[in-house]
Amino acid sequence: MNIGPYALTNPLFVAPMAGVTDRPFRSLCKKLGAGYAVSEMVTSRRDLWDTLKTSRRANHEGEAAPISVQIAGTDARMMAEAAAYNIDRGAQIIDINMGCPAKKVCNKWAGSALMQDEALALRIIEAVVAACAPRSVPVTLKMRTGWSQDHKNALAIARAAQSAGVQMLAVHGRTREQGYKGRAEYDTIAAVKAALRIPVVANGDIDSPEKVRDVLACTGADAVMIGRAAQGRPWIFREVAHFLATGTHLAAPLVVEVKRLLLDHLLDHYTLYGELTGTRTARKHIGWYVKTLPGGEAFRVRMNTLDDCAAQLNAVADFFDDLGVRMDRIPTNSGTSIGTTTGDERAVLSSRTSRYKNPEKAAA
Ligand SMILES: Cc1cc2nc3c(=O)[nH]c(=O)nc-3n(C[C@H](O)[C@H](O)[C@H](O)COP(=O)(O)O)c2cc1C
């Protein structure tokens, strides 16, 4: 699929996750098979652009194209300025955040809260498209199915966004009200896909190759976006790509390979954040990598007491060396699980597949 002029290598996207999908993590996911990654959101508040946090988020050194930056805010003019600011710093695609439920964002009437005010949402979209069009930068939008169960307006916003010039849309199959609770639903995503000409990306609770296959089939979406299931498991993208291409499962990674990947990830992480912040913010990543490995929980607790890069690197190397004595490959299904698809769910997904082959029926 294409986003504007950019042809993607595959339909497997890394979801934007503030505090997680920084440049080192995005680069790693792309190296391990992701076709596309969106940055963590950058605020539209000009007074915060000079902060270390924002400048790190706007750092794309060595990142493979296309570089996509997500912006968040509530004011159309400020959002247009934020788009221009990020284009000046290397963004090739601008993504508007209407999907994040975080209080910090929503209290300021940004993120998924914008879905409650369709007129304001549209003004923001139009202003950002107007700022990006002269520089041939495509604008994309990420949103939820609506504000609440009684206020599911994804379809209306999607149609308006497409008419305003948005070139790709990602939909998380939950409402703002749900936060991350319950299960993502894919019917609304299928309806949006059926109604639009632009590429539509399905997101929410996708955590295995089979689930990718089933969600693509039941929604008709052009791509999937994976968030939490990639935490500590960036190789999920190559596993999915292999499964979609061959119908068979790739062997789990070797312990020695995961050790190398994590050490390289940490080195890149420290380079971006420096020693103090780097060792602290690396802890969550390390915790995710070892979460389901034997001895992982005790290791995670010990890791929280280490405050310098060398100690952290040595401890990680020792942990994986010890594990390597006991096993060659990490146990299958290791990594973050956000609720693996059950047999019942799979049956429901497959039964919907045929329904969404007929767009009119899906839109009904
Ligand atoms: C820690 C975290 C941070 C997130 N930050 C953002 C963000 O900055 N922008 C955004 O649009 N969505 C954000 N999200 C939502 C994800 O992009 C995604 O829509 C959601 O996690 C559902 O996908 P998943 O089930 O594959 O994780 C975040 C999610 C998590 C867990």
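Residues numbered from 1 in each chain as written. Predicted model: local features only at pLDDT ≥ 70, side-chain atom pairs only at ≥ 80, totals over all residues.

Participant: How do you make sense of helix α7 (residues 187-195) when you look at a structure like this?
Facilitator: Residues spaced three or four apart along an α-helix face the same direction, because each turn holds 3.6 residues. Counting buried residues along α7, 7 of its 9 residues qualify, which places the element largely inside the surrounding structure. Listed in full, the buried residues belonging to α7 are Thr188, Ile189, Ala190, Ala191, Val192, Lys193 and Ala194. (Buried ≥ 20, exposed ≤ 12 C-beta atoms within 10 Å, placed from the backbone. Helix = DSSP H or I, 4+ residues; strand = E, 2+ residues; numbered from the N terminus.)

Participant: Is there a simple way to think about the nonpolar core in this case?
Facilitator: Generally speaking, soluble globular proteins have nonpolar side chains that are buried together. Formed by 78 residues in total, the largest nonpolar core has its most connected members in Phe13, Val128, Leu169, Val201 and Val224. Counting residues per element, this core draws most heavily on helix α5 (residues 118-132), at 7 residues. Apart from residues no more than four positions distant in its own chain, phenylalanine 13 is found in contact with Ala34, Gly35, Tyr36, Ala37, Val201, Ala223, Val224 and Met225. Membership of the second largest hydrophobic core comes to 18 residues, among which are Val258, Ile286, Leu293 and Leu323. (Core = buried A, V, L, I, M, F, W, Y, C linked by C-beta atoms within 7 Å. Contact = placed C-beta atoms within 7 Å.)

Participant: Which parts of the structure should I look at to understand the sheet that holds strand β3 (residues 12-14)?
Facilitator: Backbone hydrogen bonds hold the strands of a sheet together, and the pairing may be parallel or antiparallel. Strand order in the closed barrel made by the 8 strands is β3-β4-β5-β6-β7-β8-β9-β10, with parallel pairing throughout. Here the average twist between neighbouring strands, direction ignored, is 30°. Pairing of strand β4 (residues 36-43) with strand β5 (residues 68-72), which is carried by 4 bridges, proceeds in the parallel orientation. Bridged to methionine 41 within β5 is glutamine 70. Sitting on the sheet, helix α3 (residues 76-88) is in contact with β4, β5 and β6 (93-98), with an inclination near 155° to β5. The strands that α7 touches are β7 (139-146), β8 (168-175) and β9 (200-203); relative to β8, the one it contacts most, it runs at about 155°. (Pairing = 2+ DSSP bridges. Axes fitted to C-alpha atoms, helices over the stretch in contact; angles between N-to-C directions.)

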